[in-house]
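Structural overview
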Amino acid sequence: MQTLDELNAQIAATLAPIARTETVALDDACGRVLAEVITSNIELPVADVSAMDGYAFTASSGDTLTLIGESIAGRPFAGTVGAGECVRIMTGAVVPAGADTVEMQENTTRDGDRITLNRATPPRANIRYRGEELQRGETVLQPGKILGAADILLLAALGCARIRVTAPLTVALLSSGDELVAPGAALTESGQIYDSNRALLKALLKSLPVRVHDLGIIRDDPAAIEAALQQAANSDAIITSGGVSVGDYDYFKTAVAKLGSVQAYKIKMKPGKPFVFGNIGTAAYFGLPGNPVSSFVGFSQIVRPALWQLAGAN
């Protein structure tokens, strides 16, 4: 019986990421796995811009300045700032020619077009210089990155509209048990319970880049279980709940061994000890126990990282 770390290491060494990719709109890329190298086609910032609302001037001009115009984001000042002159500037606006310093407005006094600096301002203050964040041609993201909201921000700032990502995994999902009834149906016989695991697993899978093929509830019958597994074998992964322990009606381990191979059985983990890892053809098989808490723990600790690996995440 393996430890959790040993099983996860075995799974990591066994699974090969899928090679399928697709190109999606940037709005649809969050939560997907990047499948291309992203390099910057521009410099960030694209120009020398002000980091503050204030006044742009030449540092050697002295404490009293004459206001000659303004520079705002999207509408830069067209002229050149001379000695003793300044331009009203807003955060993100281009620093005009001739200016090398910005003082924030809180440290100035304005009287018409006369601007007085209330402190000594060091040269080059409050300016974000062109390319100081990113240079053109610089690599910013590597394949295998799970794209989060901050990555989408970066990609948008670089002007990316479409991104190549790995294609969604296909995951076949099924539950087994003669006692199971789908939520919404009536419990008509003593001992029946609602199939909560499949609902749990579908909810957990929503956080991953997968397409779920829901095969429903399979009865505790070896032939029915084998037929369902054969149907599921064209998926990238198969996840089942129930039927993997040592009871007289736990048929999944035997069926997987018959149709493919069982590579690991049971794990030193509680809850979640009954667990089967194997394959049916090219489909990875994950057999979770029927106990809902055990199923949740097994998915979180074993199946989720394995699916991310299959999806190409590093």
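Everything discussed here concerns the structure shown above.
Everything quoted here is computed from the prediction, not taken from an experiment.

Thoughts on unusual backbone geometry
- Here L44 and P45 are connected by a cis peptide whose omega angle stands at -10°.
- By the element assignment, P45 lies in the loop between β2 (38–39) and β3 (49–50).
- The residue after K270, namely P271, is reached through a cis peptide bond having omega 0°.
- Following the sequence through the fold, P271 ends up in the loop between β18 (261–265) and β19 (276–280).
- The residue R124 is not glycine, and still its phi comes out positive at about 70°.
- Along the chain, R124 turns up in the loop between β9 (114–117) and β10 (127–128).
- Phi at K266 is positive, roughly 70°, even though this residue is not glycine.
- Locating K266 in the fold gives a position in the loop between β18 and β19.
- A relative accessible area of 27% places K266 in the partly exposed class.

Some words on the nonpolar core
- The biggest cluster of nonpolar side chains holds 34 residues, and the ones touching the most others in it are I239, F275, F286, F299 and L307.
- Broken down by secondary-structure element, the contributors of at least two residues to this core are α1 (4–14), β13 (169–176), α3 (196–205), β17 (237–241), β20 (283–288) and α6 (292–310).
- With eight residues, α6 is the largest single contributor of residues to this core.
- Core analysis: the next-biggest nonpolar cluster, separate from the first, contains 17 residues, I218, A228, A255 and V276 among them.

Describing the side chain of T108
- Tracing the backbone shows T108 in strand β8 (residues 108–111).
- Judged by relative accessible area, which is 13%, T108 ranks as buried.
- A polar atom in the side chain of T108 sits 2.9 Å from the backbone oxygen of Q105.
- Ignoring any residue separated from it by four or fewer positions in sequence, one finds T108 in contact with Y55, E103, I115, T116, L117 and N118.

Focus on α6
- The principal kink in α6, of about 45°, is found at F299.
- Where α6 begins, the side chain of N291 points an oxygen toward the backbone nitrogen of V293, at a separation of 3.0 Å.

Some remarks on the environment of L7
- Positionally, L7 belongs in helix α1.
- Judged by relative accessible area, L7 falls into the buried class, the value being 1%.

Conventions adopted
- Residues numbered from 1 in each chain as written.
- Predicted model: local features only at pLDDT ≥ 70, side-chain atom pairs only at ≥ 80, totals over all residues.
- Heavy atoms only, no water.
- Helix = DSSP H or I, 4+ residues; strand = E, 2+ residues; numbered from the N terminus.
- Buried < 20%, exposed > 50% of the residue type's maximum accessible area, 1.4 Å probe, protein only.
- Core = buried A, V, L, I, M, F, W, Y, C linked by side-chain atoms within 4.5 Å.
- Polar contact = N/O pair within 3.5 Å; in protein donor to acceptor, adjacent residues only side chain to side chain.
- Contact = heavy atoms within 4.5 Å.
- Bend = angle between axes of the 7 residues up to and from the residue.

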